[in-house]
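Inside the fold
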Amino acid sequence: MNKTRTETGAATDNITSRTCLGCRVSKDKKELVRLVISPDGIVVIDYKRTLPGRGAYVCPTESCIRDAFSRKQITRVFKVSQIEGVDEFLDRLRKLILYRISSLLSLSRKAGKVVDGREAVEKGMEKGTIKLLVFAEDLSPLSLKDMKDICLKRGIMYYTYISKDGMGGLIGKGERGALGIADESFSSLLGKEFERFKSLGSVGSGG
């Protein structure tokens, strides 16, 4: 493996691409999900890519993960005889992504980049300050249609997430039917996670 050295002399990995165990296509490792083997021999999803040890990578899509399992690529790479089933693995990955989404929404709120309350959200959408909109899964059909229409008109990405009560809890308030993200960076990060979750077959989206 090619290495470079920092000014302090520490070796660093300068290869940014990895091959997916499912589709066998080489991609930037930031776009893939890293797997490592724990000291007790369990295959772990290293979603933050911080755990030590030799890793293997897979696209965060249901098709690639099922291909990797069906061809026994994960057991082959890590030299283990058995791991959990593919459905259990997918469920574990979905939970990690949901946790990441909730964390990003909380961080956005702390940074003052979340717009909440229907009037404030609609005003932000009209002004173009909202870059991404997150709807509650139990928002009324009429309200959902009205706000989606504005998103489509303004070219704003939108996704459906948890309940109104859960959405409010993320920002320390009561029920919220929608949260607007008024920041390009947070919107990009959230959009990436929502798209990953959608690729696993479990989220509503559009825009």
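Structure report, in brief. Keep in mind that what you see is a predicted model, and the values were worked out from it rather than measured.

1. Remarks on the overall build of the protein
On a plain count of helices and strands, the protein comes out with seven helices and twelve strands. Taking all 207 residues of the protein together, the buried fraction comes to 40%. Put simply, of all contacts in the protein between residues at least 6 apart along the chain, 63% involve residues at least 24 apart. Split by element, the accessible area of the protein, about 11,200 Å² in all, is 51% carbon and sulfur.

2. Observations concerning helix α5 (residues 141-154)
Here α5 is 14 residues long and its end C-alpha atoms lie 20 Å apart, about the 20 Å a rise of 1.5 Å per residue gives. Looking at α5, one finds that the buried residues are S143, M147, I150 and C151. For α5, the angular spread of the buried residues around the axis is 100°, confining them to a single face. Residues P141, L142, L152 and K153 are exposed on α5 and point more than 90 degrees away from its buried face. Contact partners of the buried residues in α5: α4 (118-127), β9 (132-135), β10 (157-160) and β11 (178-181). In the segment just after α5, G155 is the residue with positive phi, at about 70°.

3. What to know about the state of the cysteines
Across all of its chains, the model carries zero disulfides by this definition. With no disulfide of its own, C20 lies 3.5 Å from the sulfur of C59, the closest cysteine sulfur.

4. Some thoughts on the layout of surface pockets
Considered as a void within the structure, the largest pocket measures approximately 370 Å³ in volume. As for the largest pocket, its lining consists of 16 residues, of which Y47, K48, R49, R100 and E193 are closest to the centre. Elements supplying a minimum of two residues to the lining of the largest pocket: β6 (43-46), α3 (86-110) and α7 (184-199). Broken down by element, the residue count for the lining of the largest pocket peaks at five residues, all from α7. Taken together, the residues that form the lining of the largest pocket break down as five nonpolar, three polar and eight charged.

5. What to know about the nonpolar core
Core analysis: the largest hydrophobic core is formed by 44 residues, its most contacted members being L35 and I65. For this core, the element with the highest residue contribution is α3, accounting for eight residues. Each residue touching I65, except ones within four places of it in the same chain, is listed here: V58, C59, V86, F89, L90, L93 and L200. In this structure, I130, F135, M147 and I150 belong to the second largest nonpolar core, which totals 13 residues.

6. Section: a negative patch on the surface
On the surface, E137, D138, D165 and E175 cluster together to form a negatively charged patch. Tracing the backbone shows E175 in the loop between α6 (164-170) and β11. Assessed through its relative accessible area of 52%, E175 is described here as exposed.

7. Structural notes on the packing of helix α1 (residues 62-70) against α3
Between α1 and α3, the least distance of the axes is 10 Å, while the angle of their chain directions is 140°. Regarding the angle of α1 to α3, the classification is oblique. Where α1 crosses over α3, the two elements pack in a sense that is right-handed. Listed contacts from α3 to E62, I65, R66 and F69 of α1 are V86, D87, F89, L90 and L93. Of the residues belonging to the contact of α1 with α3, the class tally is six nonpolar, no polar and three charged.

8. Points about the packing of α4 against α5
The geometry of α4 relative to α5 is characterised by a closest axis approach of 10 Å and an angle of 20° between their N-to-C directions. In terms of their interaxial angle, α4 and α5 are classed as roughly parallel. Our pair here, α4 against α5, has a crossing hand that is left-handed. Two secondary-structure elements touch here, α4 through R118, V121, E122, M125 and E126 and α5 through S143, D146, M147, I150, C151 and R154. For the contact of α4 with α5, the per-class residue count stands at five nonpolar, one polar and five charged.

What counts and how
Residues numbered from 1 in each chain as written. Predicted model: local features only at pLDDT ≥ 70, side-chain atom pairs only at ≥ 80, totals over all residues. Heavy atoms only, no water. Helix = DSSP H or I, 4+ residues; strand = E, 2+ residues; numbered from the N terminus. Buried < 20%, exposed > 50% of the residue type's maximum accessible area, 1.4 Å probe, protein only. Contact = heavy atoms within 4.5 Å. Areas by Shrake-Rupley, 256 points an atom, 1.4 Å probe, with all protein chains shown as cover. Expected span 1.5 Å × (residues − 1). Arc of directions from axis to C-beta. Disulfide = S-S within 2.5 Å. 1 Å grid on protein atoms, 1.4 Å probe; cavity = no way out; pocket = protein on both sides within 12 Å on 5 of 7 lines; lining within 4 Å. Points joined across faces, edges and corners; volume = space filled by probe spheres on them. Nonpolar A, V, L, I, M, F, W, Y, C, P; charged D, E, K, R; others polar. Core = buried A, V, L, I, M, F, W, Y, C linked by side-chain atoms within 4.5 Å. Patch = residues over 30% accessible without salt bridge, like charges linked within 9 Å, V, L, I, M, F, W, Y side chains within 5 Å. Salt bridge = Lys/Arg side-chain N within 4 Å of Asp/Glu carboxyl O. Lys, Arg positive; Asp, Glu negative; His and termini not counted. Charge placed at Lys NZ, Arg CZ, Asp CG, Glu CD. Axes fitted to C-alpha atoms, helices over the stretch in contact; angles between N-to-C directions. Parallel < 35°, antiparallel > 145°, perpendicular 65-115°, else oblique. Left-handed = near helix turned anticlockwise from the far one by under 90°.

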